[in-house]
Each structure stands twice: as C-alpha cells, then as structure tokens.
Amino acid sequence: MAEVEKSLAELRQTFRSGRTRSVAWRKTQLRALLDLIRDKEDLIFEALHQDLGKHPVEAYRDEVGVVTKSATYSLSNVEKWMAPKKGDLPLLFFPAKGEVLPEPLGVVLIFGSWNFPFDVTLDPLIGAISAGNAVVLKPSEHAPASSAFLARTLPIYLDDSAIRVIEGGAGVSEQLLQHKWDKIFFTGSPRVGRLVMTAAAKHLTPVTLELGGKCPVILDSLSNPSDAKVAVKRIIGGKWGACSGQACVGVDYILLEDKFKTNLIELLKKTIKKFYGEDPINSKSIARIVNKQQFERLRNLLQDPLVSASIVHGGSLDEEKLLIEPTILLNPPLDADIMTEEIFGPLLPIITLDNIKESIDFINSRPKPLAVYAFTKDGTFKRQILAETSSGSVTFNDILVQFVCDGLPFGGVGQSGFGRYHGKYSFDTFSHEKAVMHRSFFPEIEPRYPPWNDFKLKFIRLAYNFDYLGMLLAFMGLKR
Amino acid sequence: MESEMAAAEESRVVVDSEVAARLVKGLREAFIAGKTRSYKWRVSQLKSILKMVEDREQGIADALRSDLAKPELESVVYEVAILKNACTTAIKKLKHWMTPEKVKTSMTSFPSSAEIVPEPLGVVLVISPWNYPLLLSLEPVVGAIAAGNAVVLKPSEIAPATSSLLAKLFAEYMDNSLIKVVEGAVAETSALLEQKWDKICYTGNGRVGRIVMAAAAKHLTPVLLELGGKSPAVVDSGINLQVATRRIIAGKWACNNGQTCVAADYVITTKDYAPKLLDSLKHELEKFYGKNPLESKDLSRIVNSNHFARLTKLLDEDKVSGKIVHGGERDKSNLKIAPTILLDVPRDSMIMNEEIFGPLLPIVTVEKVEDSVDIINSGTKPLAAYLFTNNKKLKEHFVMAVSAGGMVVNDTVIHLAVDTLPFGGVQESGMGSYHGKFSFDAFSHKKAVLYRGFAGDVPVRYPPYTKGKLRLMKALISGSILGAIFALFGWSKD
C-alpha cells in the first residue's frame, strides 16, 4: 500500500510539473519504447515462450510487430493529434474563435491481460504517452515472465518518474483501485470489468473496458473451392494461430448451413494437419494453455457427456505440458457451458443451421460480441449482417486483421466493453477534449442583457434563427 | 401549489423495479424490431420535438415560471431556442452523421477496405436536472433519437410543472412505443437504475453521479455524466471593464439566478483591481435589476426551500457574513435572494468549498493575476473556466495550464450555444460530452468494419512457422516493400 501511495504521489508531482505535456517528452518516450523492443526482442520472445509457449513468429505477428507499428505510427502523428482542432462558429459571435484542445487527463492506470502480455499493456501505454499522461502499468500476474520483464526493463528505457510498472495479483489490483486515477484502462473479463468500474465510480474516474465475448464466424456457402480453402486457413489462423484460442477477438464458434458440415470438417482437418503436422499437440507452432486453472476450466467444458460426444476432431490433452489439441465439436448442446461462456481456448464448436440467414437471430439472442466474422460473397447478406447485428467490429472474409488497422477503432459494445483504442483513438482515449472559445470585447450585442423587454425577446429569437437581416432591421426599428 | 403537487403525485403510476423491468423489456423488444434505425423514423421524431416546443412554447414558459419563476426571455433564449437549434441541426446533418466513415487500411491487410459504421446503442436512460428542466431533458434526447435509440426520460421531480408537462407532451407528440417519460423521485430513479440500459446520461451533481455510475457498472453500461463544479472567472486589468462586467452578470444572474452548472461560481482578480470591478458590478446590476432586485421580474427565484436554506447557510457562516459587500437581501416566502457579492471570503469557508449554484458571487483577490492559475488548480476541475484579458501571454498560459470542461476567453457561458464545440466535464465535472455531432456520437457505437477479398492470401501468416516467415512479417509490418521482397527471396531459398 505504501509503495502504491508513494508511486502515485511521485507520478502526480511529475504530471503537475508539466513535463509529460511537451511534444519532446512524448516523442522521446515513444522512441525509447521502440528502442526497448528492438534491443530486447529476443528476451521478449523468451518471456512469451515461457509464459504461453508462443512461437517467435506468432509473438512477432501478434505482439512485438503490433507494438512496433503502433509506436511508429504514433511517433509520426502525435504532433498532428496534439494540434487544436477548429470549431466553426456562427457569424453571430463574430469576431470569435472556437477550438477543441486535447489535453492529458493526468495519472492513468492500465491493467494488462495475460494472453497478449506485451501488446495489451504496451499498446494502451503508447496511447497514454502520446496523450501526455503519467502512467502506472499493472501487467497480469498470470504471465509472470512477461510481467517481470516489463517491471525490470521499462524503467531502464522510459522516464521512471512518469511511467511505473507495479507487479502483483488481485490484492495489488484492489489496492490500486482504491486510489483516485484520472482514467482506468482495463483489458480482461466482464466480471473483473464490473469491479473496476464500481471502484472507478467512487472517484468519478472514466474507464475503458476491453472485454471479450463469443465471437462468431458466419460461414456462407462458398461455391469456389479455392475461396473455401482460404476461408478455412484464415479461420484456423484466427482460432489456433492467435495464442491457441486464448484471444478476445479470436474465433469462438462457427455458424454454417447443415449441408456443408462434412466438407468443412474435412477441410479443417486437412489444413490443421498441414499447419501443425501429424502430432499437433506437440507442434512448436501452437501456444499452450496459460496455467493449470485455465486448463482445468477448458477440460471441464469438454467433460459434459453431451459435449464430449460432439467432438469430431482432436480432444486430447496433456496436463503436464498444459497442451490441448485443436479440437472441433459439431453441434454441442446450446445450453452447455461451452456455448454459453466465452471459450478462450483451442476448442471450436460448429453450429449448423438450416439457412445461413438464421445466423443473425442466433447472434442477436446472445450478448454482443467483440467481433463478428463473416465469410460471404453475398452483398445483400453483408449489408444485412452489418445493419442487424451489433458487435465491436465486423470483418468480412478474414479473421483478426481488423486488429492491426490503425485507422479502425478497436473496442467492444454491450458485454464486450466500451471505449476504444488503436491509432488516433488511443490518443483520444487518454485525452480530454477541452472546448475553448476566444472572444473580443467588441462588438456588444445589447439585447443579451436585462432588463428584459419584448424587443430583446424578438431580437434574440431572430438571432437564434441566424436571421441577420431581421436582426439588422429590428435594430433600426424597421421590423415589427 | 402544494395540493396540486399532491394530486399529481397520486395520479402518477408508481414505478417500482417490476414496472421498470417491464418498461425496459417492452422498449427493448420495440428497439430490436428495428424501427428506430431508419433515417425516416429519426427525422420524424426530431420534427415532432420541434413541433412540440413550437406549439407549446407558452405552456413551457408557464411551467418554467411555475417551477423557477424564470423570466420568459430566459426560457425562450436558454431553453427553447437552444433546443430548437439542436433539433434543426440534427435534422439538417443527420444523413451526413449516419454515413459510414471511410478509413485507410494498412499494407498488412492489403487488399481491403474499411469503414466505421455508427449504430444505435439500444435503450438509453436520460436523467435530467431541475435548473434547465426543458433543455437539459430534451437536448440529450435529441442526441439519443438522432443516433437511433429507444429512450426513457426521467425529468427532475424538483421542477414538477415541467416534469408533468413533459410527460403529457411526450405522450401526445412522440412515438410512445420507443420514447417514454417516467416521472418520479429517488424511489423511481432507483428502480430505473436497477435495469440494464445501453447508456445512461445523467446531468446533476457528483454525489448522485457516483451512484449512477456504480449502478451502471453492474450491467457494464457506459455513462455520460454532466456534473458541475466551481467555475472561476478571472478578471485581468486593462480590459473593457463594462463589457466584462456585463458578460459576467449575463452568465451568472441572467442565467437562472446563478442556478446554472456553467455559471461563474467565483471571480478572481487582483487586490488593486477588485474595487473597480466591484463598483462596475454594482452599477451594472442596478441598471439591470433596479434598486430593489427582490422585486425584479427578470431574476429567477431559488427553486425550493431546501436550496434556499442551503444558500442562506452559506451566507450566514460566521466568517462569511461580514464579507458581503453588495446585496444579501432575501425573501424567504417568495424564495428570492438578491444578487450578492462577497469580497475576500476565507478560502476554507463553505462557500469556497462547494458549488454555490445560486446568486452569490465571491471575489477572491490575488497579488498578481497569474496567481489565479494556482488557485484554480488547487481545486477540482471545473466544468468551465473564464478569463477576461487583453494580455496575449496570460491568455496562452491560462488556456494551457488550466484544466476545465470548456473555456471562454472574454465572455461567459456562450460556448454552450456553439454546437461545433463538445460540451462536457472532466474529473469532478463529469465525463463524456455532447451537443451537435457530439450528441450523436455519445449515443452511438462506432462499429469498425473491414472488408477483405479472398485473393492476396500470404502464407506467412500461417503455421508451420519459420525464420523466413518472421523476416517477411517484420518487413510487412514496418511497411517496407523492399524488405518484404528480400525476405520473400530469402524465404524461397530456405
């Protein structure tokens, strides 16, 4: 507790001194972060391998690469983002100038998660730095090697008086949440999200909640076999390729017309073999389950007899190495835990429908997911999906790639959270948009002031309609 | 009036948790049916609001007079006219606002196209205050409708005439399957807050703001909190004093007799300049409100006896009562308090530590006008900060160093009428903003949409992973075409 208090007091003092506000400071920090990532890439790969068994290619694609790209993008845009935006003013207020000036919020708290222990802590950090805030990072204790690496290395590269890493578990998080922050950025589960927001309410602290949800894939009939192959590759890449399904925007389940199920399952099996070999559970190209507790949770999902009966591929587990084979299930019961909870692991249910259009109702009868994926060439269906379902994002004919588009906001809606980040949106998330209006002392519009009379009332009515001629006539006593 | 209120109380349907749950369920079903999504529905409802306030302007002015003795001109200017502007702007711009925004995509996801599609959040709750009971009820509703949501409005029970008028008018003018008014006080509000909403917009004070946000947390509901705070007005010397004085008065007493969240709460000026400013304030106040301001028809009254007692308590505090340099008259039976100015009240007095929200204006004096920044920053962040100066350097320093929801240099309050500026607080003064397009955004979810084709599939994304894939990936992500080509060659040699 004392450590938290001391850190917070120091950060607040640094923020008050105004140091974090300058462009120079922000750019220096972003460059330092890029240096860190470049210098220590091998150590990052090692930490990710230790925590999650991530292969360096996956680690680069989903973490190191994404952070590098974000930091580079912010570095080249931050000055532009900081510039005040002009707001047009009605002629009535002439001469006057209106602008929206982004300013840092103050001292902010970022909670990382264990599945992308670098990206999900450092990407928000880039936003917080770009916006000129002092920051406390709380990495997830469930990825201990990554957490320790961040705690050890960040102070060497970044301004320690403004950016701190505080390690710890639930107890430390609770302590942190008792304090007043100017923003809390949280990535994790809805359950903890509620706790974070409840704690934030005591201090009127705004929050960004990046949660998850069951992200569906709508797989329409693809008449061209090569399209179907591409779709299956992308689905596998977006399911097992991203931290072995332990990803908030990963694929949770597939919706498909019943008549295509045999084809799909065959194609999935064949491609899994191509990607992960004959013995996928021991493939180096697939991450492991983060810890025993999560492993247990996933095993329990499969233990329901009706669920285990629906397994059509995979299903083997290695408790010692915390590995679960890519597992496909066909039509597990919809009221089983596997279809009511976010799976967050390498299990992929396929749910068949008579008509693919039913997928819209299927999705709408569940909480809003972070992403909806749809493979289709049918323009009408695309528009229908867009207009009639609600989710953080929608991606057509691919998986996960929306995550790396700086131009697109990343964030949930409903159960999948609120607030957004990435690119300029990260900057906005950690900024207050201050409205500033400049006026001069001349000219004065007399009817603004009491004592009120009918003339003033008439005049102001005209003013609000921006009826300049009418106002002029009224002044000259010509208008009644 | 007492008996009228009692009658209204009786005729009202009691809204408990069960009724509230049914209400939200009904609205959610209606929302899911999709009617609110069409441009046509949104515009028709916005036009209904416009028609409603145009047809019933007199009734509205009467209700506001009954609740607050608000002068008709203030009702027309600050409530009806601003609201009508918000409606017409929304009607004019709605098509544009609803259009998806095209977004550039990166090389990593080439070939692709992307856009951001605004979609309604669902069923939203608007809880409004008593000081501008029409405007602050309907302006958020305009945003919620423009964005295509179903809405429940809970007007403040402390402005009962306007509350019951709104209930009546909504029943008559709006699509009641999707837009409803629920009247009530704490019990009804609590019942409403137990429900799951897709957004809650609350205008009021920080204490209730905390309750609203904690209730919202249970359902992961985002909130828009419009709170208040002690908004300072800093007055430098060397300015057009008469204009500055009048603009301070216009934003204080001419705005609901100081019962306004963006009104100047207190003034900071130098010791040397304070007497001049005080003289000017006295002089202009007399011109505006006459020798006996308690009799003036141009000043609102205090909303109720609770607030009257709260304000007189601020004035009667021992260390404060001797600091009154102008006004101080009060009329308990008519709930009137005259424009009152206090000079050099102690910083630890109650009046300097809570939002005044009434016709009392303390003047704090400093040695140098630059010292005002420290005084402001030692408190919580206000909803607005005002500065009167001709000194360019001071202006720049003030704009940079002071944090507030909004800021006006050389005037007060008028930023609220500019719909190209976001209106909202920061820290204790709230979170989220609205007005104009910002209102539409506040009630929309910005859905990220990415379109990909099946061509352009790069094997580098897929396992089995190799060193060559790592090299290519690095090149792709850093946007280096040359690097990508080299990596491709290198990879093919593997």
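Note that the structure is a prediction, hence the values are computed from the model and not measured.

Along its length, chain B carries 18 helices and 18 strands. Each principal axis of the C-alpha distribution contributes one length, and for chain B these read about 95 × 60 × 35 Å. Partitioning the intrachain contacts of chain B with sequence separation of at least 6 by distance along the chain shows that 71% fall at a separation of at least 24. Of the roughly 18,500 Å² of accessible surface on chain B, 56% is carried by carbon and sulfur atoms. Taking the average location of the 61 positive side-chain charges in chain B and that of its 55 negative ones, the two points are 9 Å from each other.

Okay, the overall build of chain A next. When you go through chain A residue by residue, the secondary structure sums to 18 helices and 18 strands. Seen through its principal axes, chain A has C-alpha atoms that stretch 90 × 55 × 35 Å. Within chain A, the proportion of its 480 residues that are buried is 62%. Sequence separation of at least 24 residues holds for 70% of the intrachain contacts in chain A that already meet a minimum separation of 6. Put simply, chain A shows about 17,700 Å² of open surface, and 55% of that area lies on carbon and sulfur atoms. Each charge class in chain A was averaged separately, 58 positive and 56 negative side chains, and the resulting centres sit 7 Å apart.

This paragraph deals with the interface of chain A and chain B. Tallying the contact residues gives 109 residues for chain A and 107 residues for chain B. Taking both sides of the interface into account, the surface hidden between chain A and chain B amounts to around 8,800 Å²; carbon and sulfur atoms contribute 63%. The interface formed by chain A and chain B holds three salt bridges in total. Among the ionic pairs, B:Asp411 bridges to A:Arg439, the shortest N-O distance being 3.0 Å. In this assembly, chain A and chain B are joined by 36 residue pairs in polar contact (both at pLDDT 80 or more). A class-by-class count of the residues in the side of chain A that touches chain B yields 52 nonpolar, 28 polar and 29 charged.

Residue and element names in this part refer to chain B. A residue-level look at chain B finds 92% of positions with pLDDT of 70 or above and a mean pLDDT of 92. Throughout residues 1–11 the model reports pLDDT below 50, and contacts reaching past four residues in sequence, or to other chains, amount to two contacts. Overall fold confidence for the complex sits at a pTM of 0.94, while the interface term, ipTM, reaches 0.93.

Turning our attention to the sheet that holds strand β3 (residues 123–127) of chain B. Strand pairing in a sheet relies on backbone hydrogen bonds. The paired strands run either parallel or antiparallel. All names here are of chain B. Judged by pairing direction, the sheet is mixed, and its six strands sit side by side in the order β5-β4-β3-β6-β7-β17 without closing on themselves. Since the sheet does not close on itself, it has two edges, and those belong to β5 (179–181) and β17 (430–431), each with one partner. The sheet contact formed by strand β4 (residues 150–154) and β5 spans three bridges and is parallel. Residue pairing across strands places Val151 opposite Ile179, the latter belonging to β5.

So, on to the sheet that holds strand β1 (residues 85–87) of chain A. With mixed pairing, 10 strands are arranged side by side in an open sheet as β1(A)-β2(A)-β18(A)-β16(B)-β15(B)-β8(B)-β9(B)-β14(B)-β13(B)-β10(B). In this open sheet, the two edge strands, each paired with only one partner strand, are β1 of chain A together with β10 (324–326) of chain B. Along the sheet, successive strands turn relative to each other by an average axial angle of 25°, direction set aside. In the sheet, strand β15 (residues 384–388) of chain B pairs with strand β16 (residues 406–409) of chain B via four bridges, with the strands oriented parallel. Opposite B:Ala384, over in β16(B), you have B:Gly406 as the bridge partner. Seen against the sheet, helix α12 (residues 305–316) of chain B touches β10, β13 (340–343) and β14 (360–366) of chain B and runs at an angle of roughly 35° to β14(B).

Here we come to the pairing of strand β3 (residues 107–111) of chain A. All names here are of chain A. Summarising burial for β3: five of the five residues are buried, a large majority. Both faces of β3 are covered, namely the face carrying Val107, Leu109 and Phe111 and the face carrying Val108 and Ile110. As judged from the five bridges shared by β3 and strand β4 (residues 134–138), these two strands associate in the parallel manner. Looking across to β4, one finds that Val108 is bridged to Val135. The parallel pair β3 and β4 is bridged by helix α5 (residues 119–130), and the resulting crossover is right-handed. Here β3 pairs with strand β6 (residues 183–187) via four bridges, running parallel. In the strand pairing of β6, Phe111 is matched with Phe186.

Turning our eyes to something else, we now look at a negative patch on the surface. On the surface, A:Asp354, A:Glu358, A:Asp361 and A:Glu388 cluster together into a negatively charged patch. Among the secondary structure elements, A:Asp354 is positioned in the loop between β14 (347–353) and α14 (359–364).

The next subject is the nonpolar core. Most often, soluble globular proteins have nonpolar side chains that are buried together. Residues B:Leu138 and B:Phe170 are the most contacted members of the largest nonpolar core, which totals 163 residues. Among the elements that take part in this core, helix α5 (residues 72–98) of chain B stands out by supplying 13 residues, more than any other.

What counts and what doesn't
- Residues numbered from 1 in each chain as written.
- Chains lettered and ligands numbered in written order.
- Predicted model: local features only at pLDDT ≥ 70, side-chain atom pairs only at ≥ 80, totals over all residues.
- Heavy atoms only, no water.
- Helix = DSSP H or I, 4+ residues; strand = E, 2+ residues; numbered from the N terminus.
- Contact = heavy atoms within 4.5 Å.
- Areas by Shrake-Rupley, 256 points an atom, 1.4 Å probe, with all protein chains shown as cover.
- Lys, Arg positive; Asp, Glu negative; His and termini not counted.
- Charge placed at Lys NZ, Arg CZ, Asp CG, Glu CD.
- Buried < 20%, exposed > 50% of the residue type's maximum accessible area, 1.4 Å probe, protein only.
- Buried area = accessible area lost by both parts, 1.4 Å probe.
- Salt bridge = Lys/Arg side-chain N within 4 Å of Asp/Glu carboxyl O.
- Polar contact = N/O pair within 3.5 Å; in protein donor to acceptor, adjacent residues only side chain to side chain.
- Nonpolar A, V, L, I, M, F, W, Y, C, P; charged D, E, K, R; others polar.
- pLDDT = per-residue confidence, 0-100.
- Pairing = 2+ DSSP bridges.
- Axes fitted to C-alpha atoms, helices over the stretch in contact; angles between N-to-C directions.
- Right-handed = clockwise from strand over helix to strand, strands pointing away.
- Patch = residues over 30% accessible without salt bridge, like charges linked within 9 Å, V, L, I, M, F, W, Y side chains within 5 Å.
- Core = buried A, V, L, I, M, F, W, Y, C linked by side-chain atoms within 4.5 Å.

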